[in-house]
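# Topology and contacts: notes
Read off the chains here:
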Amino acid sequence: QVHVVESGGGLVQPGGSLRLSCAASGSIFGIYAMGWYRQAPGKERELVARIRSGGTTNYADSVKGRFTISRDNAKNTVYLQMNSLKAEDTAVYYCNVGILGDGYWGQGTQVTVSS
């Protein structure tokens, strides 16, 4: 009953920018946090950025100064603006929505940074 859909992934050159979107729908009353995670082949999934309903944020050290997470509570949507992209940013990016202690995942969107 909770649907999480990411969009905006694709192929981009090093130094380029990309904007990811994540929209939640269904039984979504009481969202307390939304975040972005990523996983590269052969590596563990890691937190990229997270934002709570009150607006507090946290970022992985590797993306600070380059990525910005924001949200539109009225639209139940979270965004990830990615600038100055590097090859090491290549991964599948997943959105997670926290509701009443449960986490709901989207299907993921591929981000590939390559020249």
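This text goes with the structure placed above it.
Residues numbered from 1 in each chain as written. Predicted model: local features only at pLDDT ≥ 70, side-chain atom pairs only at ≥ 80, totals over all residues. Heavy atoms only, no water.

### What about unusual backbone geometry?
Phi is positive for Asn76, which is not a glycine, with a value near 50°. Relative to the helices and strands, Asn76 resides in the loop between strand 7 (67-72) and strand 8 (77-82). Take Asn76: its relative accessible area is 26%, and that puts it in the partly exposed class. Of note, the phi angle at Ser84 is positive, near 50°, even though the residue is not glycine. (Helix = DSSP H or I, 4+ residues; strand = E, 2+ residues; numbered from the N terminus. Buried < 20%, exposed > 50% of the residue type's maximum accessible area, 1.4 Å probe, protein only.)

### Re the pairing of strand 7
Pairing between strand 7 and strand 8: six bridges, direction antiparallel. Paired with Arg71 across the two strands is Val78, which belongs to strand 8. Here strand 7 folds back onto strand 8 in antiparallel fashion, the turn holding four residues, of which Asn76 has a positive phi close to 50°. (Pairing = 2+ DSSP bridges.)

### With respect to the packing of aromatic side chains
Within the structure shown, the criterion is met by two aromatic pairs. Each ring, one from Tyr94 and one from Trp105, has its centre 6.4 Å from the other, and the planes form 90°; the classification is edge-to-face. Taken as a pair, Tyr94 in strand 9 (residues 91-99) and Trp105 in strand 10 (residues 102-105) lie far apart in primary sequence, 11 residues in all. A relative accessible area of 40% places Trp105 in the partly exposed class. A network of ring pairs unites the aromatic residues Tyr37, Tyr94 and Trp105 as a single cluster. Sitting above the plane of the Tyr94 ring, Arg45 keeps its charged end 3.9 Å from the centroid. (Phe/Tyr/Trp six-rings, centres within 6.5 Å; stacked < 30°, edge-to-face > 60°. Lys NZ or Arg CZ within 6 Å of the ring centre and 35° of its normal.)

Structural measurements only, silent on function.
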